[in-house]
Structures are given as C-alpha cells and as structure tokens.
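Residues per chain are reported as follows:
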Amino acid sequence: MSICENIANIKRRIEAACKRSGREPEDIKLIAVTKTVDTDRIKEAINCGIKFLGENKVQEIMDKYPELGSSVEWHMIGHLQTNKVKYLIDKVSMIHSVDSLKLLGEIDKRFGISNKSIDVLIEINIGREKSKYGVFPENLEGFLKEAAKYKNIKIAGLMTVAPAVINPEDVRPYFVKMRELFENFKSSQINNIEFKYLSMGMTNDFEIAIEEGANIIRVGTGIFGPRNYIK
Ligand SMILES: *Cc1c(COP(=O)(O)O)cnc(C)c1O
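These remarks concern the structure in this document. (Residues numbered from 1 in each chain as written. Predicted model: local features only at pLDDT ≥ 70, side-chain atom pairs only at ≥ 80, totals over all residues. Heavy atoms only, no water.)

### A look at the nonpolar core
A general trend in soluble globular proteins is that nonpolar side chains are found buried together.
Piece 1. Ranked by internal contacts, the top residues of the largest apolar core, which has 68 residues, are Ile 95, Ile 107, Ile 122, Ile 155, Leu 158 and Ile 223.
Piece 2. Among the elements that make up this core, the one with the highest residue count is helix α1 (residues 3-21) (six residues).
Piece 3. With residues near it in sequence (within four places) discarded, Ile 155 still touches Leu 104, Val 120, Ile 122, Leu 144, Ala 147, Asn 192, Ile 193, Glu 194 and Phe 195. (Core = buried A, V, L, I, M, F, W, Y, C linked by side-chain atoms within 4.5 Å. Buried < 20%, exposed > 50% of the residue type's maximum accessible area, 1.4 Å probe, protein only. Helix = DSSP H or I, 4+ residues; strand = E, 2+ residues; numbered from the N terminus. Contact = heavy atoms within 4.5 Å.)

Structure representation (structure tokens):
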C-alpha cells in the first residue's frame, strides 16, 4: 500500500468512527507522526493532504525543518528536555508533551524572551505506568493552578499515550477517564487555561479515541508502515 492509500484508508476510518459517535470528521485533526521517516516520504504524505506533522525528538525537527519548513504545522509530541526548548521557537505550533512545571517554566521563559506565545497540552499518565511520562490525574488541578502564572503559554488541553494492550477495546476506559478530566477543567476559570484539544489515539486505538472524544489523533505506523529505528 502506498502512503496515499494509507492516508485515504485512515480518513475513511476516521469518518466511520465519527459516524458511530455523532461527530464531524472536520473536527478531528490528523497528525502524521513522522519520527524515523525521511523527508521524501514525508513530502509524499504532504502531497496527499497531510497538514500536521508530529515528531518526538527535537533533533529530528531540526534536521527536517529546513527542507519541509512551514509548508506544514509541526507538533512536538515526545518527552522534551528543558535545555532543548529554545530550538523549538519559530518551528512548532504546539507542544503536546508538557509533563512537569519545570518544563513549563522553561517554555514560558524561552518563548517570552522571543516575544512569542505557544499552545501546550499537558501530558497525562492515565495508565499510571512507570515507563511513561506525564502528570497523574489527581495532580492536574494543582498543576494548572501553578501554570496560571506563566504568561507566554496557553494551556490548550490534554494529551495521553494509552497503555499498550492486546485487545484495543481494553484502552476505552482510559480514554473515558481522559474525556472526563478534559470536561472537568474545560470550563475552569484558571488564567491561561483554555481547553480546546484532547490529543489521544494512535494507529492501534484512534477509532476508540475518537468515539470517546479525541479531537487530535496521532498516527504513524498506519500511514508510513512499521518504523525502522536502525539507520
Ligand atoms: C510514535 C508515537 C505515535 C504514533 O504511534 P503509531 O502507533 O505508530 O501510530 C503517537 N504518539 C506519540 C507520542 C508517539 O511517540
């Protein structure tokens, strides 16, 4: 299957999931996750209608940005070290993976120095997994109250990577919890907080994520095939 065929297939599945849950396909942002994917193949995806790219390493954004530039929107979706925040200014339009107040403070400081503001999502460790980054649900309120003091960021929602399961249906309870958390803080009156995006769902579980309220999904393998980490 070509990249274009894969994208068409994902779009059909997004439509079907929307139909099942009474939602509109236009309301779902499809982020093509391009980690390990070379720029030629990314261009193919862009030619087939992809508008948003997701990368999990700053270095890969730096390597690919000169060639692909601002023809697409870049999203940082992986764990971010504070000393690398500065490289993302003028490149990414959203950081999905804010998992500590220290990181949030650095983002605020760096973007502030450049007179910029940035949308961020708070990553939630919904499965309470040791192997994953993210804020625990019970700590979110305190986190958001602290975050209110940062002026150069807008907290635009939540992101999660659900636990890996054999049967995709087993992730549904996690997505339900994420939606509840999202709804809970959506109408909160905390400064700088304006929840718009719920980023959840990947190749194996994006349909369930959509059914449970995701409006950003992040799909890599489903578009580009299995990743080759050995180069
Ligand atoms: C790799 C990755 C994805 C995409 O995973 P696939 O299973 O290939 O669709 C989504 N989100 C994050 C944070 C990732 O690191």
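There is more to say, and it comes next.
### Re the state of the cysteines
Piece 1. Under the criterion given, the structure shown has one disulfide.
Piece 2. Across a sulfur-sulfur distance of 1.4 Å, Cys 4 and Cys 48 are joined as a disulfide pair. Of this pair, Cys 4 sits in helix α1 while Cys 48 sits in the loop between α2 (39-47) and β2 (52-55), placing them 44 residues apart in sequence. (Disulfide = S-S within 2.5 Å.)

### Focus: the packing of α2 against helix α3 (residues 58-68)
Piece 1. The interhelical angle for the contact between α2 and α3, taken along N-to-C directions, is 55°, at an axis separation of 11 Å. As judged from the angle between their axes, α2 and α3 are oblique. When you trace α2 past α3, the crossing you get is right-handed. Together, Thr 39, Ile 42, Lys 43 and Ile 46 of α2 and Lys 64, Glu 67 and Leu 68 of α3 make up the contact between the two elements. (Axes fitted to C-alpha atoms, helices over the stretch in contact; angles between N-to-C directions. Parallel < 35°, antiparallel > 145°, perpendicular 65-115°, else oblique. Left-handed = near helix turned anticlockwise from the far one by under 90°.)

### So, the site of the ligand
Piece 1. As a structural note, the neighbourhood of the ligand is formed by Val 33, Lys 35, Ile 77, Val 161, Met 202, Thr 203, Arg 218, Val 219, Gly 220, Thr 221 and Arg 227.
Piece 2. Contacts to the ligand include Arg 227, whose side-chain N or O atom sits 2.8 Å from an oxygen atom.
Piece 3. Alone, the ligand offers 390 Å² of accessible surface; in the complex the protein occludes 89% of this.
Piece 4. A breakdown of the residues in the shell around the ligand according to their chemical character gives five nonpolar, three polar and three charged. (Near = heavy atom within 4 Å. Polar contact = N/O pair within 3.5 Å; in protein donor to acceptor, adjacent residues only side chain to side chain. Areas by Shrake-Rupley, 256 points an atom, 1.4 Å probe, with all protein chains shown as cover. Nonpolar A, V, L, I, M, F, W, Y, C, P; charged D, E, K, R; others polar.)

### Some points on the side chain of Thr 160
Piece 1. With respect to the secondary-structure elements, Thr 160 resides in the loop between β6 (153-159) and α6 (172-186).
Piece 2. For Thr 160, a relative accessible area of 1% translates into the label buried.
Piece 3. Apart from the residues within four sequence positions on either side, Thr 160 is in contact with Ile 124, Ile 126, Phe 175, Met 178, Ser 199, Met 200 and Arg 218.

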